[in-house]
There are 2 protein chains.
Amino acid sequence: MTLDTSPKRRGRRAKHADADAAPTRKVDYRTLRNPFPLMSVFSEDRIEAMHNTALDVLERLGIKVLLPEARALFRAGGARVNDSTEMVHIGRDMVKAALAIAPRRIDCRAGARDRDITLELGNLIFQPGAGAPHATDLSRGRRPGDAKSYVELTQLTQHFDVLHMVPPLIEPQDIPLNLRHYFTMQTQMTQTDKLPFVYARGTPQVQQSFELLRDFRGLTDDEFHSAPHCYTIINTNSPRQIDTPMAQGLIDFARARQVSIVTPFTLMGAMGPITVAGAITLSHAEALAAITLTQLAQPGAPVCYGTFTSNVDMKSGAPAFGTPEHFQASVAAGQLARRIGLPWRGASGSAANINDAQAANETQFGSWGCLLAGATVIVHAAGWIEGGLTVSYEKLITDMEVLQMVAELCAGVSATDADIGLSALEEVQPGGHFFGAQHTLERYQSEFYEPLIGDWSNFGTWTERGAQDANARATHKWQEILAGFRPPAINPDRAAALNDAIVRGTEAGGALPES
Amino acid sequence: MTLDTSPKRRGRRAKHADADAAPTRKVDYRTLRNPFPLMSVFSEDRIEAMHNTALDVLERLGIKVLLPEARALFRAGGARVNDSTEMVHIGRDMVKAALAIAPRRIDCRAGARDRDITLELGNLIFQPGAGAPHATDLSRGRRPGDAKSYVELTQLTQHFDVLHMVPPLIEPQDIPLNLRHYFTMQTQMTQTDKLPFVYARGTPQVQQSFELLRDFRGLTDDEFHSAPHCYTIINTNSPRQIDTPMAQGLIDFARARQVSIVTPFTLMGAMGPITVAGAITLSHAEALAAITLTQLAQPGAPVCYGTFTSNVDMKSGAPAFGTPEHFQASVAAGQLARRIGLPWRGASGSAANINDAQAANETQFGSWGCLLAGATVIVHAAGWIEGGLTVSYEKLITDMEVLQMVAELCAGVSATDADIGLSALEEVQPGGHFFGAQHTLERYQSEFYEPLIGDWSNFGTWTERGAQDANARATHKWQEILAGFRPPAINPDRAAALNDAIVRGTEAGGALPES
């Protein structure tokens, strides 16, 4: 028998269910635990060899640290430091001591309690694409990131429960550099109640950002320092270098007890060795150096392990994402993260230039690598194309479908005797159907995930409705979300005070990024 | 620091690698073992409850079997049979006895030894989309399946090593029903050397197909029966019914010791209970009944367990694929397959009407469900859209990229001391790059997977080259493959004899399908 899924048959069967019933399914996407079995690509002894090689690299080869204050902290902690070469040799004992006091669990305070997140192994936290110089959508085309795009993409991030942290999706290049942190902080505080991001671009911007957030939340300095209220991403300059703003950020965030997510970007064959094992070993060494610096600056400071390791096209040097090598690197990083016990971030992504089948396949493949690796935070999980040069509004939506389906798997499914439904099997006779069965009628409004933009209509109906592809439907979806967007309720006095503080800061010249 | 992946930088770095070097990577895609950790959605005791409920269903509720010969076999095996209602009540002892003698390992003989496959738990075998009434491609549009499409899609299946069996991708509706099996057998024998498929559409067609294959391979009857040389797919008529051609196929293939892959199609809420647990329990019961019939017809006959269980849109009745429920059903089926120890088939798929982001995401999501479920054979893993009503040439290519990336993960990656590359870490100084490192030069032609149609060029280059999306590139790819297609070397005498046999059979009227 061939599989009969003809419209006629579907239609006939469909009559048995109430076509007008609104779905009543409610699934919590805000707090996820990873439900997947964890994968390994290397044996435990090879992971140990990679860990020990990373310790050798830090101790014998050393790492270049451009910030004198950071070198001073390493020296005070027992490292061998050469200020003329700026090289720091970190003993394995120092790394071991840092790993012993770095927290395994980090409870982060968002703008609302039901948006709080906990960074620890086993939890699953998603972020959309971050740090792109461009934004693109089908109605307005590809353009340099600007304030409008930054606000809209932050609102879309707020809208979806399955996105748990706010990254800087694109760079608002129409805002002056000395005032950009005011704009990004104000947007995050007023348009979303999820955990905000602060760029580590020098102490002045960081301190001003901390103060805005502290006052907006009505906290004293001590209260602000009592828990993480924001986070930053720290990229080392692979290979073996930590530049001034990154080192300063590690110190400033550690002392304020805010979260640093350490992310060496060791592209295989470019900034890292060409092998998965080599690139991940280098990434591990750099992450351990950065983690050690945070603990020297502030024992017990919240810090996240991380990596962003994929490969490049050896013909052009172009970076690639969602490749088998990227997948294996994520899994290897997960093995090392479990070895040291810290929460960690992995990353998905795509090098495609538009939101086509390549873009969808690369991002989902990259996300599965992180999921099977047990990544605590998965960055660039939606909307990120061109290897990070652009965030696509449509891809943000089509990737969201995948993240919501993963969240549905986190919720699990039950198999009670009632679920198995022997009564239904008794009720429906051979050759019959279950549309009208009691077991079905009791569940049909809530049993299944309702797709975000997936269109399951048959070819005839789909054609009559305009033959819209996923991108066309995604365009309607993000436009509909933005049109109906309501920011979270905020205290008007604090909003006014925030505004006044930014006006005063602007008059005082704000603060330029430092490098 | 923001992540600098600008074209300028890529270009500069790229110079360090030889842009003209041809890749020398060789990875065996023909024999795969599943490298992923296996997932569970239900506890062992609930799986046991589902298994026992399935046994209760067969024993107490019974299953309708339309073929008298099959009922006679069940009766002779100890079942309680009512010929007027056509109901067969199969005791759990009969099922247990059948499972005890059904082979755990099935070595299948393809047209060439290096195409042989072994069906057993742990192996990983891919098939493209099967059984579609339509074919579509961007150059010729959507049309009813015809001989030309059947031949082309069979050639594309032959071309890719990561596809291990030949399914009937589309139905060649321009070939008369009484001669269609001649056409499909001749095409499979002359255009591919992978394991061929024979439709179970009644004994006359099946026997004629067996004879053509036996003679083409130069085998005696005993030799042909000594090992599986082809396979069929058996869909039960869920719920609880096995129709005449399906029952006849189970008997005919078992007696000829050829492979039956049993696949109940229990769509949740339609032909099966609305719950994952209920639909899989029904699927399990029907599969056990079919497997029992094969062992009654021929003890030790090769038979594969299987399921195709997804959900429908309860508003329209339209089937959906690559959903969270489909994923969970695959994982549950994997748990039951391990419970009985037989190789089994799962299925991916998509309900999208074109090869867009929805199509890519649904198929990859469905495939991951099968991979984490430990499916031995994954059907509809490439090219299958519209819930099986159409096979898309372009989607066949874009899905192939994902399957090849999975095959790369099957090959694994090593972490020897040389791979970790301390020498490279010593050679490259802080802030430098690895493009010119000895460690890189020794490996750059073979270290990375080379994409099939993935385009990693930057936006500027991609635009200059015509801004082709994945579907446009996929069109070039399948056209290029078909233009250069060379069928496997075959014995000209056997090809001539095959042709003569078909001419004689045609003159004799061939054989009509039976129902």
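That block above? That's the structure.
This structure is a prediction, so every number in the text was calculated from the model and none was measured.

Draft legend 1. Geometry of the overall build of chain A. The secondary structure content of chain A amounts to 19 helices and 17 strands. For 515 residues, the compact-globule estimate of 2.2 N^0.38 gives 24 Å, and the C-alpha radius of gyration of chain A, at 25 Å, lies within 12% of that figure. The principal-axis extents of the C-alpha atoms in chain A amount to approximately 85 × 60 × 45 Å. Counting every position in chain A, which comprises 515 residues, the buried fraction comes to 65%. The contacts in chain A between residues at least 6 apart in sequence include a share of 76% that link residues at least 24 apart. For chain A, the separation between the mean place of its 47 positive charges and that of its 56 negative charges on side chains is 2 Å.

Draft legend 2. Up close: the packing of aromatic side chains. Going through the model one piece at a time under the given rule, you end up with 33 aromatic pairs over all chains. Note on Phe 265 of chain B and Phe 308 of chain B: the rings are 5.2 Å apart at their centroids and 55° apart in plane angle, and the pair reads as tilted. One end of the pair, Phe 265 of chain B, is in the loop between β12 (259–262) and α10 (276–297); the other, Phe 308 of chain B, is in the loop between β13 (303–306) and α11 (324–340), and 43 residues separate them in sequence. Of the residues examined, Phe 265 of chain B reaches a relative accessible area of 2% and is grouped as buried. Overall, Phe 308 of chain B belongs to the buried group, its relative accessible area being 2%. Above the ring of Tyr 393 of chain A, the side-chain terminus of Arg 140 of chain A is found at 5.2 Å from the ring centroid. Looking at Arg 201 of chain B, its charged tip hangs above the ring of Tyr 199 of chain B, at a distance of 3.5 Å from the centre.

Draft legend 3. Quick peek at the state of the cysteines. Counting across every chain of the model gives zero disulfides over all chains. Not part of a disulfide, Cys 108 of chain A finds its nearest cysteine sulfur in Cys 304 of chain A, a span of 8.1 Å. Of the residues examined, Cys 108 of chain A reaches a relative accessible area of 2% and is grouped as buried. With no disulfide of its own, Cys 230 of chain B has Cys 108 of chain B as its nearest cysteine by sulfur position, at a separation of 9.3 Å. For Cys 230 of chain B, a relative accessible area of 0% corresponds to the buried category.

Draft legend 4. Broad picture of the interface of chain A and chain B. Taken together, the contact pairs 133 residues of chain A with 135 residues of chain B. Both sides of the chain A and chain B interface together cover about 11,600 Å² of buried area, and 67% of this is carbon and sulfur. Joining chain A to chain B, the criterion identifies six salt bridges. One salt bridge connects Lys 315 of chain A with Glu 450 of chain B, and the closest N-O pair in it is separated by 3.1 Å. Where chain A meets chain B, there are 38 residue pairs in polar contact (both at pLDDT 80 or more). No other element matches helix α12 (residues 357–373) of chain A, which puts nine residues into the side of chain A that touches chain B. Residue composition of the side of chain A that touches chain B, by class: 69 nonpolar, 38 polar and 26 charged.

Draft legend 5. Quick look at the sheet that holds strand β15 (residues 377–379) of chain B. Residue and element names in this part refer to chain B. One open sheet holds the seven strands; their spatial order is β1-β7-β15-β14-β13-β12-β10, and the pairing between them is mixed. The open sheet has two edge strands with one neighbour each: β1 (32–33) and β10 (231–234). Where β10 lies against β12, four bridges are found, and the strand directions are parallel. If you follow Ile 234 over to β12, its bridge partner there is Val 262. Against the sheet, helix α9 (residues 244–255) touches β10 and β12, its axis set at about 150° to β10. With respect to the sheet, α10 is in contact with β12 and β13, its orientation differing from that of β13 by roughly 175°.

Draft legend 6. Spotlight on the sheet that holds strand β4 (residues 87–89) of chain A. All names here are of chain A. Taken in spatial order, the four strands line up as β3-β4-β2-β11 in an open sheet, and their pairing is mixed. Edge positions in the open sheet fall to β3 (80–82) and β11 (241–242), since each of these has one partner strand only. By the bridge criterion, two bridges tie strand β2 (residues 63–65) to β11 in an arrangement that is parallel. The partner of Lys 64 across the bridge, within β11, is Gln 241.

Draft legend 7. Just the pattern of salt bridges, in detail. In total, this model carries 62 salt bridges over all chains according to the counting rule given. Glu 480 of chain A is the partner of Lys 477 of chain A in a salt bridge, and the nearest nitrogen-oxygen pair spans 3.5 Å. In this pair, Lys 477 of chain A and Glu 480 of chain A both sit in helix α18 (residues 470–483), three residues apart, roughly one turn of the helix. Across the salt bridge formed by Asp 83 of chain B and Arg 71 of chain B, the nearest N and O atoms sit 2.6 Å from each other. Of the two residues, Asp 83 of chain B is situated in the loop between β3 (80–82) and β4 (87–89) and Arg 71 of chain B in helix α3 (residues 68–76); the sequence distance between them amounts to twelve residues. Judged by its relative accessible area of 6%, Arg 71 of chain B is buried. Sharing partners across several salt bridges, the network here consists of Arg 30, Asp 114, Arg 115, Asp 161 and Asp 193 of chain A.

Basis of the calculations
- Residues numbered from 1 in each chain as written.
- Chains lettered and ligands numbered in written order.
- Predicted model: local features only at pLDDT ≥ 70, side-chain atom pairs only at ≥ 80, totals over all residues.
- Heavy atoms only, no water.
- Helix = DSSP H or I, 4+ residues; strand = E, 2+ residues; numbered from the N terminus.
- Rg over C-alpha atoms; globule rule 2.2 N^0.38 Å.
- Buried < 20%, exposed > 50% of the residue type's maximum accessible area, 1.4 Å probe, protein only.
- Contact = heavy atoms within 4.5 Å.
- Lys, Arg positive; Asp, Glu negative; His and termini not counted.
- Charge placed at Lys NZ, Arg CZ, Asp CG, Glu CD.
- Phe/Tyr/Trp six-rings, centres within 6.5 Å; stacked < 30°, edge-to-face > 60°.
- Lys NZ or Arg CZ within 6 Å of the ring centre and 35° of its normal.
- Disulfide = S-S within 2.5 Å.
- Buried area = accessible area lost by both parts, 1.4 Å probe.
- Salt bridge = Lys/Arg side-chain N within 4 Å of Asp/Glu carboxyl O.
- Polar contact = N/O pair within 3.5 Å; in protein donor to acceptor, adjacent residues only side chain to side chain.
- Nonpolar A, V, L, I, M, F, W, Y, C, P; charged D, E, K, R; others polar.
- Pairing = 2+ DSSP bridges.
- Axes fitted to C-alpha atoms, helices over the stretch in contact; angles between N-to-C directions.

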